[in-house]
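Okay, here's what each chain looks like letter by letter:
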Amino acid sequence: MHPNLTLPLLTAVLSLSLSSTSFAGPRDELLAQYASAAKAADPAFAGFSAVRGKALYLQTFTGGKPDTPSCTSCHGKDPRAPGQTRTGKSIEPVALSASPTRYADPAKVEKWFKRNCTEVMGRECSPREKGDWLSFMAGQ
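Scope of this entry: the structure provided in the associated data block. Just so you know, these numbers come straight off a predicted model, no measurement behind them.

With that settled, the discussion passes to the environment of Gly88. Checked against the element boundaries, Gly88 lands in the loop between β1 (83-84) and β2 (90-91). Expressed as a C-alpha distance, the spacing of Gly88 and Cys74, which sit 14 residues apart in the sequence, is 9.5 Å.

Encoded structure:
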């Protein structure tokens, strides 16, 4: 490499890498908020679990609406595939590999957690449950 290009190129690469690590994305910020709230609720909280998130996704509940006893009622068994509401409306896949822009807007994430957790579980999801869900979906 030409010596006159080495320093500017190195500076540019270093600058880009520092700027990208300095600003967490909306999902990372959301997970950090959930982690803080989970730790406040349970001092023994040691982090989110994709395994718990998968169990939550597949679990059948009795406290919510009878026609939506689980997340899979609408989203299907495979989070990478489209789902369908009870009225027949298509739902984009919930897995990040299939819907990379999903969970990027914290207000929308909270809106859907509140609505869906209440309908399925009969209550709002805890911060740990939300973080576990997002951890599972990030790996799908």
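From this point, things continue past the structure.
This next bit is on the packing of aromatic side chains. One pass over the structure, following the stated rule, counts 5 aromatic pairs. Relative to Trp133, the ring of Phe113 lies with its centre 6.4 Å away and its plane at 80 degrees, an arrangement referred to as edge-to-face. With Phe113 in helix α5 (residues 106-121) and Trp133 in helix α6 (residues 127-138), this residue pair connects regions lying 20 residues apart in the sequence. You can call Trp133 buried: its relative accessible area is 8%. Grouping aromatic residues by their ring pairs yields a cluster made of Tyr34, Tyr57, Phe113, Trp133 and Phe136. One Lys or Arg, Arg102, reaches over the ring of Tyr103 and ends 5.9 Å from the middle of that ring.

What counts, and at which threshold
- Residues numbered from 1 in each chain as written.
- Predicted model: local features only at pLDDT ≥ 70, side-chain atom pairs only at ≥ 80, totals over all residues.
- Heavy atoms only, no water.
- Helix = DSSP H or I, 4+ residues; strand = E, 2+ residues; numbered from the N terminus.
- Phe/Tyr/Trp six-rings, centres within 6.5 Å; stacked < 30°, edge-to-face > 60°.
- Buried < 20%, exposed > 50% of the residue type's maximum accessible area, 1.4 Å probe, protein only.
- Lys NZ or Arg CZ within 6 Å of the ring centre and 35° of its normal.

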